[in-house]
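The residues making up each chain are set out below.
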Amino acid sequence: MDIEIKNQCMLCHDLFENSELSAEHYPAKSVGNNDIVALDLVKMFDFLLDKENIQNFFTDIETGKEFNKKLDMLFDNELSTTQYPRGRVAYTLCRSCNTFLGKYDEAYKKFFDSDGNPKVVSGFVKQTKIKIIKAIYAKFLSLPECSGIKFDFIDYLKSTDQDSYDGLWQIYFLKRSQSTDILNMRSLDVGVLNYDEGQVFELSDEKFIFHLTNFKPKNNVTGINLFSIQNKYVLVGGENIDGSGGYHGEMIIKKMLDLEN
Ligand SMILES: [Zn+2]
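Residues numbered from 1 in each chain as written. Predicted model: local features only at pLDDT ≥ 70, side-chain atom pairs only at ≥ 80, totals over all residues. Heavy atoms only, no water.

Here we take up the coordination of the zinc ion. Every protein donor of the zinc ion is listed here as C9 (SG), C12 (SG), C94 (SG) and C97 (SG), and their distances to the metal cover 2.3 to 2.4 Å. Angles of 101 to 119° at the metal separate the four donor atoms of the zinc ion, which places the site in the tetrahedral class. Positions of the donor residues of the zinc ion, expressed as sequence spacing, correspond to C-x2-C-x81-C-x2-C. Residue C12 is located in the loop between strand 1 (7-8) and strand 2 (15-16), and its partner C97 is located in helix 4 (residues 95-113); the two are separated by 85 residues in the primary sequence. (Donors = N, O, S within 2.8 Å, 3.2 Å for Na, K, Ca; no water. Tetrahedral: all angles 85-135°; square planar, octahedral: opposite > 155°, others 65-115°. Helix = DSSP H or I, 4+ residues; strand = E, 2+ residues; numbered from the N terminus.)

In structure tokens form, the structure reads like this:
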């Protein structure tokens, strides 16, 4: 007897054949997920340990602009490996759910384009802010690390009328900066940290790092709650995070340790 393997759509929970699921970009294509390269940590440390490399790197740099340009080139040409040349996708949603959630992505793009600037975001209509929040929650459904988890925000995402959610899972976010990214190299890696209290999932775009957690984080390990964007808020950047880099720093260290094993 043939056993057909069906996959469950993470939003409607119906079962589909693989070919019926659609490719969902996480994060969205428009916010940097079109050619994902990863910072090659082994190459980077080799680079940093070689004095000559460092000297060469700083030769001819006179302005901050030159520095950033050279840094970008270094990242692109020497220290990165292409992981997902056409963007990173997961087959976690059926076509109709993918189309449905796509409507939220437009709002997320507006947030991204405005750099999350509180002055700009406060001018968005209420519905746009709600869509931004839902779009970011929805992206976590496509994380391979999240498969099999029964999230309690599914109805909130599915309903166009439900404006608020006060369930178990909260999202906190940080603005990327030199402090969140070693040498200003923005990796769009995803990851998970497991604690006694619960779990932390990380997803990022080129400007922000998002953490989905099912417990209240300690101070200074991540940024502000995503729902704060509905009111007055102040962006939190890497410089506000404790010395060890908070959750994001811990994810990087975890990845380095995984590489060694
Ligand atoms: Zn579906």
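Read on for the rest.
So, about the sheet that holds strand 8 (residues 191-194). Strands sit in the order 8-9-10-7-11 across an open sheet of five strands; the sheet is antiparallel. In the strand order of this sheet, the two ends are held by strand 8 and strand 11 (224-225), each with one partner. Taken together, the two bridges between strand 7 (residues 170-175) and strand 11 define a ladder with antiparallel strand orientation. When the sheet's bridge partners are listed, F173 is paired in strand 11 with I224. Across the face of the sheet, helix 6 (residues 126-139) comes into contact with strand 7, strand 9 (199-204) and strand 10 (208-213) while running at roughly 100° to strand 7. (Pairing = 2+ DSSP bridges. Contact = heavy atoms within 4.5 Å. Axes fitted to C-alpha atoms, helices over the stretch in contact; angles between N-to-C directions.)

Parsing the chain into structural domains produces domain 1 (37-83) and domain 2 (105-260). One C-alpha centre belongs to domain 1, the other to domain 2, and the line joining them spans 28 Å. (Domains from an automatic or database assignment.)

Time to look at the pattern of salt bridges. All told, the structure shown has five salt bridges when counted by the stated rule. If you follow the salt bridges from partner to partner, you end up with E24, D105 and K139 in one network. (Salt bridge = Lys/Arg side-chain N within 4 Å of Asp/Glu carboxyl O.)

Along the chain, the position of Y172 falls in strand 7. Sequence separation between Y172 and S228 is 56 residues, and the spatial gap between their C-alpha atoms is 9.4 Å. Sequence-distant contacts of Y172, defined by excluding residues within four places in its chain, comprise I209, F210, H211, T213, P217, T222, G223, I224, N225 and L226.

All right, on to unusual backbone geometry then. The omega torsion of the bond from Y26 to P27 falls at -10°, within 30 degrees of zero and hence cis. With phi around 60°, N220 is a residue other than glycine that occupies positive phi space. Along the chain, N220 falls in the loop between strand 10 and strand 11.

Next up on the list: helix 2 (residues 51-58). A side-chain oxygen of the first residue of helix 2 lies 3.0 Å from the backbone nitrogen of E52; this N-cap is D50. One or two steps after helix 2, the chain reaches D60, where phi turns positive at roughly 70°. (Polar contact = N/O pair within 3.5 Å; in protein donor to acceptor, adjacent residues only side chain to side chain.)

Here we take up the environment of G102. For G102, the location among the structural elements is in helix 4. The class for G102 is partly exposed, based on a relative accessible area of 29%. (Buried < 20%, exposed > 50% of the residue type's maximum accessible area, 1.4 Å probe, protein only.)

Most of strand 10 is tucked away: six of the six residues are buried. The two faces of strand 10 match: F208, F210 and L212 on one face and I209, H211 and T213 on the other face are all buried. Here strand 7 pairs with strand 10 via six bridges, running antiparallel. Residue pairing for strand 10: Q170 is matched across the bridge by T213. In this sheet, strand 10 lies alongside strand 9 in antiparallel orientation, the contact comprising five bridges. Residue pairing for strand 10: V200 is matched across the bridge by T213. What sits between strand 9 and strand 10 in their antiparallel hairpin is a turn of three residues.

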